[in-house]
Amino acid sequence: MTPKGRHAAGWWALIIPALLLMTAFYIAPILQVLAISVTEPQPGLGNYERLFTSESVQRVIGTTLRIGVITTAIALLLGYVLAYRIAMSGPKAQRWWLLAVLVPLWISVLVRAFAWVTLLRRQGLVNQGLLATGVIDQPLALVWNELGIVIGMVHYMVPYAVLPMLSSMREIDPRVLTAARGLGAGRIRTFLRVFLPLSLPGLIAAGVLVFIFSLGFYITPALLGGGKTLMVAEWIKLQILDLIRWGLGAMMATVLVVAILATLAVLSRLVNLRRLFGAGS
Amino acid sequence: MSQSFHEDCIDLARRALQRGTVDRRGALRALGALGLLPLAAPGKASAQGARELVIVNWGGIANEGFGRFYGAPFEAANPGFKVAMNSTGPSAGRIKGMVESGSVTWDLCDSSASSARVLGKQNLVAKIDYSIVKKSDAISEAFTLEYGAAPYSFSSVLAYDSAKFPNGPPQNWADFWNLQKFPGTRLLRRDALAVLDAAQMALGKDPANLYPLDTRACLAKLREIRRNAVFWANGSESEQFLRTGEAVMGQIWHTRAKVLEQETNGRIKFIWNQGLLQAGIFVIPRGSPGGVNTQRLLASMLANPEPQVELLKFLGNGPTNPRAAPLVPADFRRFNPTDPENAKLQVTLNGDWWGDNYTQLNQDVVDIITG
C-alpha cells in the first residue's frame, strides 16, 4: 500500500462506525425480512413463481409501472417547462420561482391528497365551476380513479423533477446559445440542437428520481383511487398486515427493491449519479 | 389503508367529543367499556408484585382513565391485578410477528372473527377456555368462538340517500344490485367480508341458510356492479362518500350509518334488514403472559352488561350480553344491532366459515375491484 493509500484508508476507518450501525440496524433487518420471501410458507421459490403465474400479482406490477410511467412523463414535461422558465429568468425572479416550487414540498402528502379530493370530487370546486359556466352538464369523474391518482402524484413529483433539471440547466453557458443564434440558428433550432442536449443529463436524472419515487407511492393512490386501484406498496401492506401472507408480501418487497436498484444501476451508466444525489461534480 | 371497525370507533368518539355531543366522562366510560383506554403511565414491570394484564387496542384518545372503567371492576374483584392498555393496533400480521418473535407481551387483542380463525389455524392464538368465559354471557354462539370471544357487536347495513329515491327506497341487497330501478353509484367496503354475503342475498339465497356462500357466483355478482361502485377502506371515507352524494347507497358500518342519519336529519337513512351482524372478537396471543388470568379478564368483559350499554350509548357498538338489551334507553334501541327487534332482521355473519375462506376470497375481491 502506498503512503497515500494508507492515508485514505485512515479516512475510511472513520466511517466504519456508521457503516456498522447501518448494517446492524438497517441492512441486516431488511435482509431478514426479504429472506422471508424464500422461506414462507415453504422454503423455495414458490412466491417468485407467482410473478409468472398469478394474474393478480402481474396486474399489481402492471398498474404500478403504468402509473409510474405516466406520472414520470407528465411530471418531466411540466417540470422541464418550469425549470426552463426559471433558468431563463433573472436572479431575483429565480428566487421567487424556487420558493414557489419548494413550498409544496413542505406540505404533508396527506393534506395534499385531501385537498385534491375536495377540488376534484363530484361536488368539488372544479366540477361545480365547470357546471356553473356551462362547459359540462354532467360532473366529470376526476377522482376515485387512475386520473385522480395521476393528478395527485404529478403534483407531488413536479418539484422533484424541477430541481435536478434546473441545476443542469444553470450549468449551460448562455454564450453557447448566443453563439448558436449568431451562427444563424432560429430559436427552435437553438433549443433542439443546443439547449436540449445539454440539459439531457438533468432530464434523465429527474426521470430516474421521479420514477423511483412513483413506484413506492402509498398514501396518494390509497386516498385518490377510490379503492379501485392497487399499487405495489398498498398491496404489500395488505399481504403483510391483513392477509398474513408474509412470504408473498416479502417477495413483492424484494422485487421492488431489486427493480429500484436495477434502475439505478442502468442509469448510473448514463448519468453521473453522484451529481444527481448532490455530490459536487 | 384498510381500517378496522375498532379504529373507526375511536375516530367517531373523538369527533363526538369535539362536538360536545358526548361529555368527557361519557367518552371515557364508553372507551373504557370497549377496552380502548390505557392506564395512565402503565408500569412496565410488575415491580410491586402486581400482576399486569395488557389489552391491545387500536389507539385514539387512549392515555387516561381506563383503570376506572374496564380495569377497575376486574381489579376490584381481583386484588393484586393491574389492567394496562396498549394501542399498537393488533392486526393479524402484528400478532403473528409477536408470537413468532417468542416474546409475547400482549394478553388480549381486539381482533375479528375471521382473523381469530386464521390465527387459530396457524396456532398463533390460544383457545378460549369456556370453563372460565361463560357462553351464557353472550346472546349467541357467534360471539363465543373457539379462538376468541366478543364483548361487543357491530353490523354492516344498507344505507341510502333518501333524496335520490322519491319513489321508494331500496329494501334489501337485491335492490342494491338493481341499477335499473335504483340508478346511481354504489358504495362497498374493499373487503370480502360482508360484501360477498350481501351478494349472496342479492342472488336470492335464503338469508336463514346463507352459508356456505357460493363464492363463484358471489364474486361474479360483485364483478357485475364494480364499474358502478366506489370502495371505502376506512369508516370516515364511507361516511364522506354518502354525505357528499358521491354514492347513492352503500354497505357501511351501522355506527357510521347512525351518525349519517342523525347529522343529515334523515336525508341518509339505513335499514337493519339483511344487515350483517358481526362479533367484535378479542383473541389471546399464544404464550400471553397473563395465562389463565387473561381468560378471566375476557370473561368479565362479557359478563358485565352495564359498560356494554354505556358503549352503545356513546358509539353505537352493540352489547353482546343477553341481559344488556333491556337496559338500553328507548331512544337508543333503534341503533342497537343486538336489540331483539333489529337482530331478527339481520343475518349473523358466520365467522368460522369466513375464517376458513377469508384469505383467498379477500384476494379475489381485491382482484375484481382493481381489475
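Parameters at a glance
- Residues numbered from 1 in each chain as written.
- Chains lettered and ligands numbered in written order.
- Predicted model: local features only at pLDDT ≥ 70, side-chain atom pairs only at ≥ 80, totals over all residues.
- Helix = DSSP H or I, 4+ residues; strand = E, 2+ residues; numbered from the N terminus.
- Buried ≥ 20, exposed ≤ 12 C-beta atoms within 10 Å, placed from the backbone.
- Domains from an automatic or database assignment.
- Contact = placed C-beta atoms within 7 Å.
- Expected span 1.5 Å × (residues − 1).
- pLDDT = per-residue confidence, 0-100.
- Nonpolar A, V, L, I, M, F, W, Y, C, P; charged D, E, K, R; others polar.
- Axes fitted to C-alpha atoms, helices over the stretch in contact; angles between N-to-C directions.
- Parallel < 35°, antiparallel > 145°, perpendicular 65-115°, else oblique.
- Left-handed = near helix turned anticlockwise from the far one by under 90°.
- Pairing = 2+ DSSP bridges.

Some thoughts on the environment of Thr178 of chain A
Residue and element names in this part refer to chain A.
- Its location among the elements puts Thr178 in helix α9 (residues 174-182).
- Here Thr178 falls in the exposed class, since 11 other C-beta atoms lie within 10 Å of it.
- For Thr178 and Ile204, which are 26 residues apart along the polypeptide, the C-alpha to C-alpha distance reads 25 Å.

Re the domain arrangement of chain B
All names here are of chain B.
- The domain architecture assigned to chain B consists of domain 1 (5-153 + 278-339) and domain 2 (154-277 + 351-370).
- Contacts between domain 1 and domain 2 engage 22 residues on the former and 21 residues on the latter.
- Mapped by element, the contributors of at least two residues to the side of domain 1 that touches domain 2 are α1 (5-19), α5 (113-121) and β9 (268-283).

Considerations on unusual backbone geometry
- Residue Pro41 of chain A follows Glu40 of chain A across a cis peptide bond; omega there is -5°.
- Among the secondary structure elements, Pro41 of chain A is positioned in the loop between α2 (16-39) and α3 (46-53).
- Of note, the amide linkage connecting Tyr211 of chain B to Pro212 of chain B takes the cis form, showing an omega dihedral of 0°.
- Inspection of the secondary structure assignment puts Pro212 of chain B in the loop between α7 (195-202) and α8 (215-225).
- For Ile244 of chain A, which is not a glycine, the phi torsion comes out positive at approximately 45°.
- With respect to the helices and strands, the residue Ile244 of chain A is situated in the loop between α12 (232-242) and α13 (246-268).
- In this structure, Gln274 of chain B is a non-glycine residue whose phi angle is positive, near 60°.

A look at helix α10 (residues 187-215) of chain A
- In this model, α10 of chain A (29 residues) spans only 37 Å end to end at C-alpha, well below the 42 Å of a helix rising 1.5 Å per residue.
- Those residues of α10 of chain A that fall on the buried side of the exposure criterion are Ser199, Gly202, Leu203, Ala205, Ala206, Gly207, Val208, Leu209, Val210, Phe211, Ser214 and Leu215 of chain A.

With respect to the confidence of the model for chain B
- With 85% of its residues at a pLDDT of at least 70, chain B reaches an overall mean of 86.
- For this predicted complex, the interface score ipTM comes out at 0.74, while the overall pTM is 0.80.

Re the interface of chain A and chain B
- With 20 residues of chain A at the interface, the matching set in chain B holds 23 residues.
- Here the side of chain A that touches chain B gets five residues from one element, more than from any other, and that element is α12 of chain A.
- For the side of chain A that touches chain B, the class distribution of residues is eight nonpolar, five polar and seven charged.

Looking at the packing of α8 of chain B against helix α15 (residues 351-370) of chain B
All names here are of chain B.
- Packing of α8 against α15 leaves a shortest axis separation of 10 Å and a crossing angle of 25°. Judged by the inter-axis angle, α8 sits roughly parallel to α15. Helix-helix and strand crossings are classified by hand; for α8 and α15 the assignment is right-handed. Along the contact surface, α8 presents Thr215, Leu219, Leu222 and Arg223, while α15 presents Asn357, Leu361, Asp364, Val365 and Ile368.
- Of the residues contributing to the contact of α8 with α15, the split by class is five nonpolar, two polar and two charged.

Notes on the domain arrangement of chain A
Residue and element names in this part refer to chain A.
- One can read the domain layout of chain A as domain 1 (1-39) and domain 2 (54-276).
- Between the C-alpha centres of domain 1 and domain 2 there is a distance of 32 Å.
- In terms of residue class, the side of domain 1 that touches domain 2 is built from three nonpolar, one polar and no charged.

Remarks on the pairing of strand β7 (residues 229-232) of chain B
Residue and element names in this part refer to chain B.
- Side-chain alternation along β7 places Ala229 and Phe231 on one buried face and Val230 and Trp232 on a second face that is also buried.
- Across four bridges, strand β6 (residues 186-189) lies against β7 in parallel orientation. Paired with Leu188 across the two strands is Phe231, which belongs to β7.

Considering the pairing of strand β5 (residues 148-161) of chain B
Residue and element names in this part refer to chain B.
- Taken across its 14 residues, β5 has 14 buried, putting it largely inside the fold.
- In terms of strand pairing, strand β4 (residues 144-145) meets β5 through two bridges, oriented antiparallel. Residue Leu145 lies in a different strand from β5, and its bridge partner there is Gly148.
- Remark: two residues form the turn of the hairpin made by β4 and β5, two consecutive strands paired antiparallel.
- Judged from the two bridges that link them, β5 and strand β10 (residues 318-319) form a sheet pairing that is antiparallel. Residue Ser153 lies in a different strand from β10, and its bridge partner there is Gly318.
- By the bridge criterion, five bridges tie β5 to strand β8 (residues 249-253) in an arrangement that is antiparallel. The residue of β8 that forms the bridge with Val157 is Ile252.

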